[in-house]
Amino acid sequence: MASQRQILFNAFDMNCVGHQSPGLWRHPQDQSRDYNKLSYWTDLAQTLEKGLFDGLFIADVLGPYDIYGGNSNAALTSGAQVPVNDPFLLVSAMAAVTKHLGFGVTAGTAYEHPFPFARRLATLDHLTNGRVGWNVVTGYLPSAARNMGNDDQMEHDRRYDHADEYLEVIYKLLEGSWEDDAVQFDRESGVFTDFTKVHNIAHEGEFFRVPGAAVTEPSPQRTPVIYQAGASTRGRVFSAKHAEATFMNSPTPELLGESIAKTRAALVEAGRDPYDMRVFGMQTVVTGATDAEAQEKYRDLAQYADVEGALSLMSGWMGTDFSKYDLDAPIGHIESNAIQSAAETFRRASGDGEEWTVRKLAEWVGVGGFGPVLIGSGATVAEELIRIQDETDVDGFNLAYHITPGTFEDIVEYVVPELQERGRYKTEYSEGTLRHKLFGQGDHLPETHVGASYKLGASSLV
């Protein structure tokens, strides 16, 4: 479907040194070693706001990647998403030095009870003046499950059943517990909160029992914008029910377009408008003043890629121990449909007709992770992003970094002005909450959203 809508940008980051490009922390211009300093994050937030980014999307895992070799040694050695700190604690500081930038924060439903988590969401929504989104994940690393006292993650579809009820509790607390005017703040009468306007949710479900009311007053969005990235059949059903934004990781525009079409169709099946959800495709950009400069940057970056770190991440993503294969073994000789399929996808993405080895697959993943890499001048990149949006119906891009903050500084300097010149990127922020900025409508959940049914007065709470 052709489109003339403006492109949205999220920066894709993680509170660690090696998010999608393990080994590139060794590059002399990379500053990700400062991930545990507040100034790193506040400076990054200001850079993104200068470039009118819609948000900073912060990934997270609770556990190391330990499928490769049966342990976490390679992940630890290469800094592949470990050590990793809590993403939530970054947001208040970044919000204090920005006015418009949104924050999509990843948190799982498996290991924290929804009652205290609802308070954390509401607190951040207050402190950011409604600029928070929650990326809902159900968890996939067995190491996280073991450290929380379980043998493994809950069965795949069962995790989504659990998450459905988790969201139901969150909606009841944040949408249906306190009336809009419950807080009176009446100095003369001495009434701060009218207790008759605060209601117990009386939730009794299969997984949770929450009898009482939320302990936070309504925040600007009440429920933060819901992100979700489930790609399985069950995950897509969950996303169609709850999500307002989704993140897709497809190495080629063709695969991205197919996934988006399925997502739009799932929204319709769920009784929603097909454009009730903003779709972000993962993208790594290497750019400069000219195409030649960008190509030289990529060659420079590639020499720092850590092969074992990349294979550690891939082993976790694909559930396959890549340490069992020789690095120079042709992919075609490996008896794994998943690995051969991945290699074929990357071969198509790179335009390389040669047979790929495990090493070459790891080197490709080493700069940009599982997503596509776009190399070129600001004009070249802008034209390609426009083409991708027009051909795939994507709303915007989750921009992964190779080095940080250099990746984002380059995009702000070279790509954003070219998109603006073509009328495909905003020239100023709109006012309002994150939900309002993304959709151009009200700050609260739209009536068509499942969470809206938990607003006070709805039949589900009567």
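Residues numbered from 1 in each chain as written. Predicted model: local features only at pLDDT ≥ 70, side-chain atom pairs only at ≥ 80, totals over all residues. Heavy atoms only, no water.

Quick reminder of the rule: UniProt positions are given in the numbering used here, feature names are shortened, and annotations may be inferred rather than shown by experiment.
Within an unreviewed UniProt entry, the label attached to the protein chain reads Transposase, and the organism entered is Enteractinococcus fodinae. As its UniProt record puts it under Sequence similarities (unreviewed entry), the protein chain is described as follows: "Belongs to the NtaA/SnaA/DszA monooxygenase family."

1. Digging into the overall build of the protein chain
The criterion, for reference: Comment: elements are numbered from the N terminus, with helices defined as DSSP H or I runs of at least four residues and strands as E runs of at least two. Radius of gyration: C-alpha atoms only; globule rule: 2.2 Å multiplied by the number of residues to the exponent 0.38. For the exposure calls, accessible area comes from a 1.4 Å probe over protein chains only, and a residue counts as buried if that area is under 20% of its type's maximum, exposed if over 50%, partly exposed in between. Working rule for contacts: check all heavy atoms of both residues, and any pair within 4.5 Å makes them a contact. Accessibility throughout is a Shrake-Rupley quantity obtained with a 1.4 Å probe, and a residue counts as covered only by protein chains that appear here. For this count, His and the chain ends are skipped, Lys and Arg are scored as positive, and Asp and Glu as negative. A charge is said to be at NZ when it belongs to Lys, at CZ for Arg, at CG for Asp and at CD for Glu.
Each helix and strand in the protein chain was counted, giving 15 helices and 13 strands. In terms of overall dimensions, the protein chain is globule-like: its C-alpha atoms have a radius of gyration of 22 Å, near the 23 Å expected for 462 residues. Considered along the principal axes of its C-alpha atoms, the protein chain spans approximately 75 × 55 × 45 Å. Split into buried and exposed, the 462 residues of the protein chain put 56% on the buried side. For the protein chain, contacts bridging at least 24 residues in sequence account for 77% of all contacts bridging at least 6. Put simply, the protein chain shows about 19000 Å² of open surface, and 49% of that area lies on carbon and sulfur atoms. Counting 38 positive and 65 negative side-chain charges, the protein chain places the centres of these two groups 2 Å from one another.

2. Let's talk about the pattern of salt bridges
Operational definition: We count a salt bridge whenever a side-chain nitrogen from Lys or Arg sits within 4 Å of a carboxyl oxygen from Asp or Glu.
In total, this model carries 26 salt bridges according to the counting rule given. Measuring nitrogen to oxygen at the nearest pair gives 3.5 Å for the salt bridge that ties Lys197 to Asp181. Here the residue Lys197 occupies a position in the loop between β6 (191-193) and β7 (203-204), and Asp181 occupies one in the loop between α6 (156-176) and β5 (183-186), the gap between them amounting to 16 residues. When its relative accessible area of 40% is taken as the criterion, Asp181 is described as partly exposed. The shortest N-O distance in the salt bridge between Arg387 and Glu384 comes to 2.5 Å. Of this pair, Arg387 and Glu384 are both found in helix α13 (residues 378-392), three residues apart, which corresponds to roughly one turn of the helix. By relative accessible area, Arg387 is classed as partly exposed at 31%. Residue classification places Glu384 among the partly exposed residues on the basis of a relative accessible area of 22%. Residues joined in a network through salt bridges with shared partners are Arg158, Asp161, Asp164, Glu206, Arg234 and Lys241.

3. A word on helix α12 (residues 358-366)
For α12, the full list of buried residues reads Val358, Leu361, Ala362, Trp364, Val365 and Gly366. Of the residues one or two after α12, Gly368 is the one with positive phi, at around 105 degrees.

4. Digging into the environment of Phe439
Structurally, Phe439 can be placed in helix α15 (residues 434-439). C-alpha separation for the pair Phe439 and Ser21, spaced 418 residues apart in sequence, amounts to 32 Å. Residues in contact with Phe439, not counting those within four places in the same chain, are Glu244, Tyr275, Asp276, Met277 and Arg278.

5. A few points about the side chain of Thr246
Note on placement: Thr246 falls in strand β10 (residues 245-248). Residue contacts for Thr246: discarding those within four places in its chain leaves Gln228, Ala229, Ser239, Met277, Arg278, Val279 and Phe280.

6. As for the packing of aromatic side chains
Each aromatic ring pair is summarised here by two numbers: the centre-to-centre distance and the angle between the ring planes. Just so we agree on the cut-off: When two rings of Phe, Tyr or Trp (its six-membered ring) have centres within 6.5 Å they constitute a pair, described as stacked for plane angles under 30 degrees, edge-to-face for angles over 60, and tilted for the intermediate range. Should the NZ of a Lys or the CZ of an Arg lie within 6 Å of a ring centre and within 35 degrees of the ring normal, that charge is described as sitting over the ring.
According to the stated counting rule, one finds 18 aromatic pairs in the structure shown. Three or more aromatic residues joined by ring pairs make a cluster, and in this case those are Phe9, Phe53, Tyr401, Phe408 and Tyr425. The cationic tip of Arg120 hangs over the ring face of Phe88; the distance from NZ or CZ to the ring centre is 4.4 Å.

7. Re unusual backbone geometry
With an omega of 5 degrees, the peptide bond between Val82 and Pro83 qualifies as cis. Position of Pro83 among the secondary structure elements: in the loop between α2 (73-78) and α3 (88-96). Put simply, Thr404 and Pro405 share a cis peptide bond, and its omega is 5 degrees. Summarising the element assignment, Pro405 is placed in the loop between β13 (396-400) and α14 (406-421). Despite not being glycine, Phe185 shows a phi value in the positive range, around 45 degrees. The phi dihedral of Asp393 is positive, around 75 degrees, even though this residue is not glycine.

8. A short note on the confidence of the model for the protein chain
Caution applies to low-pLDDT regions: their predicted coordinates should not be interpreted in detail. Note the following rule: Residue-level confidence of the predictor is summarised by pLDDT, bounded by 0 at the bottom and 100 at the top.
Averaged over every residue, the pLDDT of the protein chain is 91; residues scoring 70 or more account for 93%. Contacts from residues 458-462, a stretch scored under 50 in pLDDT, to residues over four places away or in other chains number eight contacts.

9. Regarding the pairing of strand β12 (residues 373-377)
Spelled out, the test is: For two strands to be treated as a pair, DSSP must find no fewer than two bridges joining them.
Counting buried positions along β12 yields four of five residues, so the element is predominantly enclosed. Where strand β11 (residues 278-288) and β12 come together, five bridges link them in parallel fashion. In the sheet register, Gly288 faces β12, and the bridge partner there is Ser377.

10. Observations regarding the environment of Ala310
Turning to its location among the elements, Ala310 is positioned in helix α10 (residues 307-318). Ala310 sits 231 residues away from Gly79 along the chain, and the two C-alpha atoms are 10 Å apart. In contact with Ala310, not counting residues within four places along its chain, are Pro22, Ala362, Val365 and Gly366.

11. Looking at the nonpolar core
Quick reminder of the rule: Residues belong to a common nonpolar core when they are buried Ala, Val, Leu, Ile, Met, Phe, Trp, Tyr or Cys residues joined through side-chain atoms within 4.5 Å.
Core analysis: the largest hydrophobic core is formed by 73 residues, its most contacted members being Phe9, Phe53, Leu56, Trp134, Leu385 and Leu419. When sequence neighbours within four positions are dropped, the list of residues in contact with Phe9 reads Phe53, Asp54, Gly55, Phe280, Leu385, Phe397, Leu399, Ile411, Val415, Val416, Leu419 and Tyr425. Membership of the second largest hydrophobic core comes to 22 residues, among which are Met14, Cys16, Phe247 and Phe439.

12. Re the pairing of strand β3 (residues 102-108)
The criterion, for reference: For a crossover, the right-handed case is the one in which the path from the first strand over the helix to the second runs clockwise, viewed with the strands pointing away from the viewer.
Burial runs high along β3: six of the seven residues are buried. As paired elements, β3 and strand β4 (residues 132-137) share six bridges and run parallel to each other. Within β4, the residue paired with Thr106 across the bridge is Asn135. In this region the chain leaves β3, passes through helix α4 (residues 114-127) and returns to the parallel neighbour β4; the handedness of that crossover is right-handed.

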